[in-house]
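The residues making up each chain are set out below.
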Amino acid sequence: MVKQTNELTHLINWIHQEEKIFTSRRPDFVFYRGLMTKLLGTPYETREEWKLGAMLKNGTIYLRNIETHGSIERRLNQSQDARQKQMASWGYNFERFLLSDDPLSLPNPKELNRNECNLIFQTKLGSHHLVYAAEIDGVWLTPGSDMNPKNDPELLNKCNLVELKTTRAFPNDQMSRNFCKFNLRKWFCQSYTAGISHVIAGLRNDEGVVHKLKVYPTTKLSHLGQEWSSNVCFKFLEQFLTHVKEIVSGNENFVFIFDYEPQNSNRFYKSIMVRCEKVTESEFYLPNLKSV
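A brief report on the enclosed structure follows. Quick caveat: nothing in here was measured; it's all calculated off a predicted structure. (Residues numbered from 1 in each chain as written. Predicted model: local features only at pLDDT ≥ 70, side-chain atom pairs only at ≥ 80, totals over all residues. Heavy atoms only, no water.)

**Brief notes about the pairing of strand S9 (residues 210-217)**
Reasoning step 1: One ladder, built from seven bridges, connects strand S8 (residues 196-204) with S9; its direction is antiparallel. When the bridges of S9 are listed, His198 appears paired with Pro217.
Reasoning step 2: The antiparallel pairing of S8 with S9 creates a hairpin that spans five residues between the two strands, and Gly208 there sits at a positive phi of about 85 degrees. (Pairing = 2+ DSSP bridges. Helix = DSSP H or I, 4+ residues; strand = E, 2+ residues; numbered from the N terminus.)

In structure tokens, the structure reads:
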């Protein structure tokens, strides 16, 4: 049985609520941005494995992340590591100091609870029509604007979406090789796919105090990166989705599990281990799928 997660549940609930929009141009794939980010980084991933499930329903393939033994172990270790928990809280607090719920109000760092905001995106990659959801940190309103996109979502078309990050300050203001190789790749893949215009980075010390802000246009991240190419990332994703479509086509009664194990191989070639699992109750994999 495939373990259930809440993320795809919420996305499918949106599909039910916006059925006319969804069925007017039924996509080839539905998934979350986090999974897309993981797939985009695969050509250069040498440390962490991944696993995903794919299921076909009425011409649309639904993809979802499945936890591996390694990812579960890493998650548990991080939850028990005091330093990791502290660093995670720094990023959360950074958002509270920079973001406000209203354009006319200053940020309130004492506010403990913030609602998560997810946007739905439609795009094409090669011949594949994609629909996916992505969590957004905040918006950067144009000067003089006092309208709140929370009250009028159409205003989002006139706003710059932003992603907030914290990272250790660079010695002598020079990015390290590993930062350019790993962090910038992930920042780019995560931000570019969600229409993020800028990444706002808080440069902190080892005590978590941010002393400097740097604003990076998302389109510049791929130029600052080292030892990776955005073209390779997107080409791999396009080819992988083509592969998934070929395998899943005509098999609505099956869940297909795709596994990736890091290996020391040519970065332009990855071997994906594939196995098929038949399910009798699709709700174990995708809830409320019967009417999609």
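There's more to say after this.
**Let's talk about the side chain of Asp137**
Reasoning step 1: Looking at the element boundaries, Asp137 is found in the loop between strand S5 (128-135) and strand S6 (138-140).
Reasoning step 2: There is no salt bridge for the buried Asp137, and the closest opposite charge comes from Lys165, which lies 6.3 Å off by N-O distance.
Reasoning step 3: A polar side-chain atom of Asp137 sits 2.9 Å from the main-chain amide nitrogen of Leu164. (Buried < 20%, exposed > 50% of the residue type's maximum accessible area, 1.4 Å probe, protein only. Lys, Arg positive; Asp, Glu negative; His and termini not counted. Salt bridge = Lys/Arg side-chain N within 4 Å of Asp/Glu carboxyl O. Polar contact = N/O pair within 3.5 Å; in protein donor to acceptor, adjacent residues only side chain to side chain.)

**Remarks on the pairing of strand S4 (residues 118-125)**
Reasoning step 1: Where S4 lies against S5, eight bridges are found, and the strand directions are antiparallel. Across the sheet, the residue bridging to Phe121 is Tyr132, located in S5.
Reasoning step 2: Where S4 folds back on S5, the antiparallel hairpin that results is connected by two residues, among which Gly126 adopts a positive phi of roughly 65 degrees.

**Some points on the packing of helix H3 (residues 33-40) against helix H6 (residues 177-192)**
Reasoning step 1: Across the interface, H3 lies against H6 with an axial gap of 9 Å and an inter-helix angle of 140 degrees. Between H3 and H6, the angle is such that the two are oblique. The hand of the H3/H6 crossing is right-handed. Contact residues: Arg33, Thr37 and Leu40 in H3; Lys186, Cys189 and Gln190 in H6.
Reasoning step 2: Broken down by class, the residue content of the contact of H3 with H6 amounts to two nonpolar, two polar and two charged. (Axes fitted to C-alpha atoms, helices over the stretch in contact; angles between N-to-C directions. Parallel < 35°, antiparallel > 145°, perpendicular 65-115°, else oblique. Left-handed = near helix turned anticlockwise from the far one by under 90°. Contact = heavy atoms within 4.5 Å. Nonpolar A, V, L, I, M, F, W, Y, C, P; charged D, E, K, R; others polar.)

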